[in-house]
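Observations on the three-dimensional arrangement
Residues per chain are reported as follows:
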Amino acid sequence: MNLPKTIETIEYLCGDASFSFAEKCAAVADAIAEIDTASLLGHLDEAGLIPERFDHDSTEEKLFAKYCDALLTRALGELGLKAQLIEERADAADVMASYGNYKLVGDAKAFRLSRTAKNQKDFKVEALNQWRKGADYACLVCPLYQYPASSSQIYQQARAYNVTLLSYTHLAFLIRHRPEPASLQPLWEVAKATPEGKSATAYWSAVIQVLNKITGTSTKDWDAAVETAAALLPRQAAEQIAFWEAQKARIVELSPDAAKLELVAALKIDSKIAVLKQSAAEIEASKETFES
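Summarised in this report is the structure supplied together with it. These figures come from a predicted structure and were not determined experimentally.

Rules used in this analysis
- Residues numbered from 1 in each chain as written.
- Predicted model: local features only at pLDDT ≥ 70, side-chain atom pairs only at ≥ 80, totals over all residues.
- Heavy atoms only, no water.
- Axes fitted to C-alpha atoms, helices over the stretch in contact; angles between N-to-C directions.
- Helix = DSSP H or I, 4+ residues; strand = E, 2+ residues; numbered from the N terminus.
- Left-handed = near helix turned anticlockwise from the far one by under 90°.
- Contact = heavy atoms within 4.5 Å.
- Nonpolar A, V, L, I, M, F, W, Y, C, P; charged D, E, K, R; others polar.
- Pairing = 2+ DSSP bridges.
- Salt bridge = Lys/Arg side-chain N within 4 Å of Asp/Glu carboxyl O.

Moving on, we come to the packing of helix α2 (residues 21-33) against helix α4 (residues 59-78). Relative to each other, α2 and α4 sit at 35 degrees, their axes nearing to 9 Å. When the axes of α2 and α4 are compared, the crossing they make is right-handed. Touching Phe21, Lys24, Cys25, Val28, Ala29, Ile32 and Ala33 of α2 are Thr59, Lys62, Leu63, Lys66, Tyr67, Ala70, Leu71 and Arg74, all from α4. Its residues assigned to classes, the contact of α2 with α4 shows 10 nonpolar, 1 polar and 4 charged.

Dropping the structure here:
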């Protein structure tokens, strides 16, 4: 199952009301668990990019996030760790893994290519540290190009809480070069060894040094992997732009009445009215609490 097929599967599952969200998550996770190494690498090379065709905060977007967690689980398993996808409440890590006598929690992030601001709150480094629940290490994964490229509080937080920041590109690089599972432990400790401060360069230099050491590769090998990842961006951007160009062409062809209805739906006016009515009714019903 490749990425386009995965997107189709997510849309199909979200369109079928007979499936609970937990069942939809399980279906996607099971499919990813069964793919071979070559397919896994194909997914990792393109991972973490939320399709523009998925509405913000939609079930599709949430299921896509679970797909990314499933990829992280599968990748850690491929590297020799015992990993599992966790279905818990929101205040828990999504992935747990172990090797030998240590435990690792993980969180996979996905963003839209149209996302511009890189807010440190989006990465939730501090929250991931709180979610480790006794685990020795924590790892956060997102697309390489979505990390701040100059300075950011996330690098300072990573050092303070010893949270390893990696990308899907790093995971693919590790899988392609097959380090011994026992050699991975320094990677989970790299953050606390980085210089104090918010420097992206300092953090990523430390990661690359460890990465090269445990895989027996050179900086040229890693630079080549970065170039390959960057080469995918124009095509990925073109696909997302094509979606919005098609939407623009469709909207232009709408009749005035149809356009008005679509605008009302896009602004979610009816749902906002319903919430306001419900809130007003609840306030009215609770007024006796505040009366003498």
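In this section: the sheet that holds strand β4 (residues 137-142). As a general point, the strands of a sheet are linked pairwise by backbone hydrogen bonds and lie either parallel or antiparallel. The sheet built from 5 strands is open, its strands ordered β1-β2-β3-β4-β5 with mixed pairing. In this open sheet, the two strands that pair with only one neighbour each are β1 (82-85) and β5 (163-167). If you compare each strand with its neighbour and ignore which way they point, the axes differ by 25 degrees on average. Inspection of the sheet shows strand β3 (residues 102-108) paired to β4 by 5 bridges, in the parallel sense. Counterpart to alanine 108 in the pairing with β4 is valine 141.

Another point: the pattern of salt bridges. Taken as a whole and assessed by the stated rule, the structure comprises 13 salt bridges. For the salt bridge of glutamate 196 with arginine 159, the shortest nitrogen-to-oxygen distance reads 4.0 Å. You can see glutamate 196 sitting in the loop between α9 (185-188) and α10 (200-215) and its partner arginine 159 sitting in helix α7 (residues 153-161), a full 37 residues away along the chain. Between arginine 235 and glutamate 239 there is a salt bridge whose closest N-O contact spans 3.1 Å. With arginine 235 and glutamate 239 both in helix α11 (residues 219-252), this residue pair falls 4 residues apart, about one helical turn. A cluster of three or more residues bridged by salt bridges with shared partners is formed by Glu46, Arg235 and Glu239.

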